[in-house]
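# Close look at the chain arrangement
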Amino acid sequence: MSYKTDLCEQGYTVIKNYVCEQKIKRYLEITENTIQTFGVNSPAAPVGSQNIIKNDRVVNNIHLHSEEFLDFVSDGHHIDILSEFLNDEWYDLIPEDKPNFILAQCNCRESSTALPFHVDVRLKLPTAQSWSMQCILALEDRNSRNGGLCVIEGSHLKDFIPAHDVRQEDQKFVDLTAGDLVIFHSHLHHATTELQAEEKPGWGLLLTYRSWWCKPQFDFLKMFSEERIEKMDDVKKTLLGYYSQPPSDCFASPSARQGYGL
């Protein structure tokens, strides 16, 4: 099946060997160096049910600290795939062959703690059309024994929120080798597995992308310096929300979306 068919019918798709071994080693090096610089406990703990991962090693906003990660999150075949679902066809002000959606979150996490089945959106609609999608790039092997992804295929087409007593026969393990990328709908029922005693947790790059009219999880425009943003290409600016920020000028246009001419 094609990537688009997988996403429509199963709710996820896997691109094998998406990133070469050399780049994966480089990404791991950057991640470890960032932890050494800022400390393993520098990110604030999540709130709510995801507070259970508070002791996992996490690097929030790795793309702020590394141009190499920023390049990855803003370019590649995964952006083309996401565009088919997240691009607003009536946006008009940005070329149709370019993304007009935004990056909502970008972090690296080591898979030490299992997460129960959940969805990552507040509004769940039973459709393959989406306004929020996620990617996991495996920086190390991630499988059913060391905190890998587990999904319920086709559950993005259901209109209910998952319970904790999901039937085992409905679960599908998504085993990833370092360099593989999985893309899935945020309203797909998914979880991560328990870390077995003899296993090592695996690092992954976790990305969330959303339609331009959605609220991101971080204010990237304030996080990145104005000087740095001005040097970026239009695609990077778009993904960081530069062309979809609400105006603070009370006399400005009420339209939040802008084009490259801003």
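Please refer to the structure placed before this passage.
Here is a short report on the structure shown in this document. Bear in mind that the values here come from a model prediction, so they are computed numbers and not experimental data.

### A word on the overall build of the chain
A count of helices and strands for the chain gives 8 helices and 9 strands. Against the 2.2 N^0.38 benchmark of 18 Å for 262 residues, the chain shows a C-alpha radius of gyration of 18 Å, consistent with a compact globule. The principal-axis extent of the C-alpha atoms belonging to the chain is close to 60 × 45 × 35 Å. Counting all 262 residues of the chain, 49% fall into the buried class. In the chain, 83% of the contacts between residues at least 6 apart in sequence involve partners at least 24 apart. Per element, the accessible surface of the chain, about 13,400 Å² overall, is 49% carbon and sulfur.

### A short note on the sheet that holds strand E6 (residues 172-174)
Overall, antiparallel pairing links the 3 strands, which are arranged E6-E5-E8 in an open sheet. The open sheet has two edge strands, E6 and strand E8 (190-192), and neither has a second partner. Within the sheet, the average angular offset between the axes of one strand and its neighbour, ignoring direction, is 30°.

### Let's talk about the nonpolar core
Judged by nonpolar contacts, the single largest core of 47 residues is most densely connected at Phe72, Leu137, Ile183, Leu205 and Tyr209. Sorting the residues of this core by element identifies helix H2 (21-38), helix H4 (67-74), helix H5 (77-86), strand E3 (102-110), strand E4 (132-138), strand E7 (181-185), strand E9 (203-210) and helix H8 (234-239) as the ones contributing at least two each. The contact partners of Ile183, leaving out residues within four places of it in the chain, are Leu7, Gly11, Tyr12, Thr13, Ile15, His78, Ile81, Leu82, Met133, Gln134 and Cys135. In terms of nonpolar packing, the next biggest core, distinct from the first, is built from 11 residues, Tyr12, Val174, Leu188 and Leu206 among them.

### So, empty space enclosed by the protein
This structure, assessed with the given rule, holds 1 cavity of 30 Å³ or more. Looking at the largest cavity, its volume works out to about 30 Å³. In terms of lining residues, the largest cavity is bounded by Leu70, Val73, Ser74, Leu103, Lys236, Leu239 and Leu240. Listing elements by their share of the lining of the largest cavity, those giving two or more residues are H4 and H8. Its residues assigned to classes, the lining of the largest cavity shows 5 nonpolar, 1 polar and 1 charged.

### A look at the sheet that holds E7
Taken together, 6 strands build an open sheet; the order of strands is E1-E7-E4-E9-E3-E2 and the sheet is antiparallel. The two strands at the open ends of the sheet, each matched to only one other strand, are strand E1 (12-15) and strand E2 (58-60). The mean inter-strand angle of the sheet, taken between neighbouring strand axes irrespective of direction, is 15°. Direction of pairing for E4 relative to E9: antiparallel, over a ladder of 7 bridges. Bridge assignment links Ile136 to a residue of E9, and that residue is Leu206. The strands that H2 touches are E2, E3, E4 and E9; relative to E9, the one it contacts most, it runs at about 90°. Across the sheet, H5 touches E1, E4, E7 and E9, and the angle it forms with E4 is around 160°.

Conventions we followed
Residues numbered from 1 in each chain as written. Predicted model: local features only at pLDDT ≥ 70, side-chain atom pairs only at ≥ 80, totals over all residues. Heavy atoms only, no water. Helix = DSSP H or I, 4+ residues; strand = E, 2+ residues; numbered from the N terminus. Rg over C-alpha atoms; globule rule 2.2 N^0.38 Å. Buried < 20%, exposed > 50% of the residue type's maximum accessible area, 1.4 Å probe, protein only. Contact = heavy atoms within 4.5 Å. Areas by Shrake-Rupley, 256 points an atom, 1.4 Å probe, with all protein chains shown as cover. Pairing = 2+ DSSP bridges. Axes fitted to C-alpha atoms, helices over the stretch in contact; angles between N-to-C directions. Core = buried A, V, L, I, M, F, W, Y, C linked by side-chain atoms within 4.5 Å. 1 Å grid on protein atoms, 1.4 Å probe; cavity = no way out; pocket = protein on both sides within 12 Å on 5 of 7 lines; lining within 4 Å. Points joined across faces, edges and corners; volume = space filled by probe spheres on them. Nonpolar A, V, L, I, M, F, W, Y, C, P; charged D, E, K, R; others polar.

Honestly, it's all geometry; don't read function into it.
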